[in-house]
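Each chain, written out:
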Amino acid sequence: KYYISRGVICRPADVRTEILTPMSLEALRSHFRRIIVMCDPKIIDTSSEYSLDSTLTEKITYAGYAVGLPTKDQIENARRTKGLPEGKRWVVCSTGGGKDGEDLAQRCWEISSLFPEVYFDIITGPRSTLQFNNNAHQSSRIVFTTENPTSVPAMHAAADVVITRGGYNSLLESCLGTAQIVVAPTDGDYEQSEHAKRLSVYRDLSIIPSLEDLDLGLEEALNRGPAQPLNPSRISICGAEAAARLIAADFTAGELQDPDSHPTMEYAR
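Treat the numbers as computed from the prediction; the structure is a model and nothing was measured.

Assigned secondary structure in the protein consists of 12 helices and 10 strands. Relative to its 269 residues, the protein shows a buried fraction of 47%. A separation threshold of at least 6 residues defines the contact pool for the protein, and within that pool the share at least 24 residues apart is 72%. If you sum the accessible surface of the protein, you get close to 13,500 Å²; carbon and sulfur atoms cover 49% of it.

Our next topic: the sheet that holds strand β7 (residues 161–164). Spatial strand order, β6-β5-β4-β7-β8-β9: 6 strands in an open sheet with parallel pairing. Lying at the two open borders of the sheet, with one neighbouring strand each, are β6 (142–145) and β9 (206–207). The strands touched by helix α9 (residues 168–175) within the sheet are β4 (89–94), β7 and β8 (180–183), with β8 carrying the most contacts at an inclination of about 160 degrees.

We now examine unusual backbone geometry. The backbone of Ser 51 shows a phi angle near 55 degrees, a positive value even though the residue is not glycine. Along the polypeptide, Ser 51 turns up in the loop between α3 (46–49) and α4 (54–57). Classification of Ser 51 as exposed rests on a relative accessible area of 52%.

Once that is clear, we can look at the pattern of salt bridges. A complete count under the given rule lists 14 salt bridges for this structure. A salt bridge links Glu 191 to Arg 6; the shortest N-O distance between them is 2.8 Å. Separated by 185 residues along the polypeptide, Glu 191 in helix α10 (residues 190–199) and Arg 6 in the loop between β1 (2–5) and α1 (12–18) bring together distant segments of the chain. Judged by relative accessible area, Arg 6 falls into the partly exposed class, the value being 22%. Among the salt bridges present, the one from Asp 103 reaches Arg 165, with a minimum N-O distance of 2.6 Å. Of this pair, Asp 103 sits in helix α6 (residues 102–112) while Arg 165 sits in the loop between β7 and α9; the two residues are 62 residues apart in sequence, bridging distant segments of the chain. On the accessibility criterion, Asp 103 (42% relative accessible area) is partly exposed.

Further remarks concern the pairing of β1. By the alternation rule, side chains of β1 split into Tyr 2 and Ile 4 and Tyr 3 and Ser 5, which are all buried. Pairing analysis gives 4 bridges linking β1 to strand β2 (residues 34–37), with the strands arranged parallel. Considered in β2, the bridge of Tyr 2 is made with Arg 34.

Among the secondary structure elements, Arg 141 is positioned in the loop between α7 (134–137) and β6. Lacking a salt bridge, the buried Arg 141 has Glu 117 as its closest oppositely charged neighbour, with an N-O distance of 7.8 Å. Within the local environment of Arg 141, its side chain forms a polar contact with the backbone oxygen of Ser 112, the two atoms lying 3.3 Å apart. There is a polar contact of 2.7 Å between the side chain of Arg 141 and the backbone oxygen of Val 118. Aside from chain neighbours lying at most four places away, what touches Arg 141 is Ser 112, Ser 113, Phe 115, Pro 116, Val 118, Tyr 119 and Phe 120.

Moving on, we come to helix α11 (residues 214–224). Along α11, the positions that sit buried rather than exposed are Leu 214, Gly 217, Leu 218, Ala 221 and Leu 222. Buried residues along α11 cover an arc of 130 degrees about the axis, so they all sit on one side. In this structure, the buried residues of α11 make contact with β4, α6, β5 (118–123), β7 and β8. Looking one or two residues beyond α11, the residue adopting positive phi is Gly 225, at roughly 80 degrees.

In terms of nonpolar packing, the biggest core is built from 43 residues, with Leu 20, Leu 28, Ile 36, Tyr 65 and Leu 171 touching the most fellow members. Of all elements in the fold, only β1, α2 (22–31), β2, α9, β8, α10 and α12 (239–252) reach the threshold of two or more residues within this core. Here the element with the most residues in this core is α9; it accounts for 4 residues. When near neighbours in sequence (up to four residues on either side) are disregarded, Leu 20 contacts Tyr 3, Val 15, Leu 25, Leu 28, Tyr 50 and Leu 52. Ranked by size, the runner-up nonpolar core spans 22 residues in total, among them Cys 93, Ala 105, Ile 122 and Leu 222.

On to the packing of α9 against α10, then. At a minimum axis separation of 11 Å, α9 and α10 run at an interaxial angle of 20 degrees. The orientation of α9 with respect to α10, classified from their angle, is roughly parallel. The crossing of α9 and α10 is right-handed. Of the residues in α10, those in contact with Tyr 168, Leu 171, Leu 172 and Cys 175 of α9 are Glu 191, His 195, Ala 196 and Leu 199. Of the residues assigned to the contact of α9 with α10, the class counts are 6 nonpolar, 1 polar and 1 charged.

Rules used throughout
- Residues numbered from 1 in each chain as written.
- Predicted model: local features only at pLDDT ≥ 70, side-chain atom pairs only at ≥ 80, totals over all residues.
- Heavy atoms only, no water.
- Helix = DSSP H or I, 4+ residues; strand = E, 2+ residues; numbered from the N terminus.
- Buried < 20%, exposed > 50% of the residue type's maximum accessible area, 1.4 Å probe, protein only.
- Contact = heavy atoms within 4.5 Å.
- Areas by Shrake-Rupley, 256 points an atom, 1.4 Å probe, with all protein chains shown as cover.
- Pairing = 2+ DSSP bridges.
- Axes fitted to C-alpha atoms, helices over the stretch in contact; angles between N-to-C directions.
- Salt bridge = Lys/Arg side-chain N within 4 Å of Asp/Glu carboxyl O.
- Lys, Arg positive; Asp, Glu negative; His and termini not counted.
- Polar contact = N/O pair within 3.5 Å; in protein donor to acceptor, adjacent residues only side chain to side chain.
- Arc of directions from axis to C-beta.
- Core = buried A, V, L, I, M, F, W, Y, C linked by side-chain atoms within 4.5 Å.
- Parallel < 35°, antiparallel > 145°, perpendicular 65-115°, else oblique.
- Left-handed = near helix turned anticlockwise from the far one by under 90°.
- Nonpolar A, V, L, I, M, F, W, Y, C, P; charged D, E, K, R; others polar.

Dropping the structure here:
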């Protein structure tokens, strides 16, 4: 068995009471071959942060972030599909799955009138319960959409500005492009705010304390111009491939008791 986890999950004390309980820790010691962390060790020391003992620490491997790398053609196609007029800029407001992002989507809609020269895509997410009247809320300049999940990574990488809660996928996908990133964490969400704070050492992004400050955060982002993409030589972003190679190598080495079995991946949260 392989225990696969993000790096920054939630407050360390909460991790110990909700995820890495005594029963879970014993299961990891006894039944799991590896603990694979889908993050870069520059961002988190999992053993230290979550107070793991030496037995569990020896099982930890940092695979790097699991994030799809959009091609130059995919990025160019995303901008071409958007049909931006010459010289206009594109803001993607991304709410993730949508469950906890409805107030962010609403706020993006409210401030869109303050930036008449900017084009907006507000991705409400498949779990959103928001209902928008197309005539009142949608135009060629402002588009509300749940969007196809396969196209969202390219949108994140292609936009001039991305507004996000700071979830793992949307944040990392945005970091691969040149967008200025405005992170508006959900109140009380430790992972969103803390992960963005740590990642900001390696990729230009801003974190706003409240949705009330979103208009100012967006104005500052638009004034800064393009950002430098996250540098893969500084932060590992090939975690999916690295984890796959690691698991395959375990089987190739013939070290597992049942060579005909398949690895079981169990995900945290």
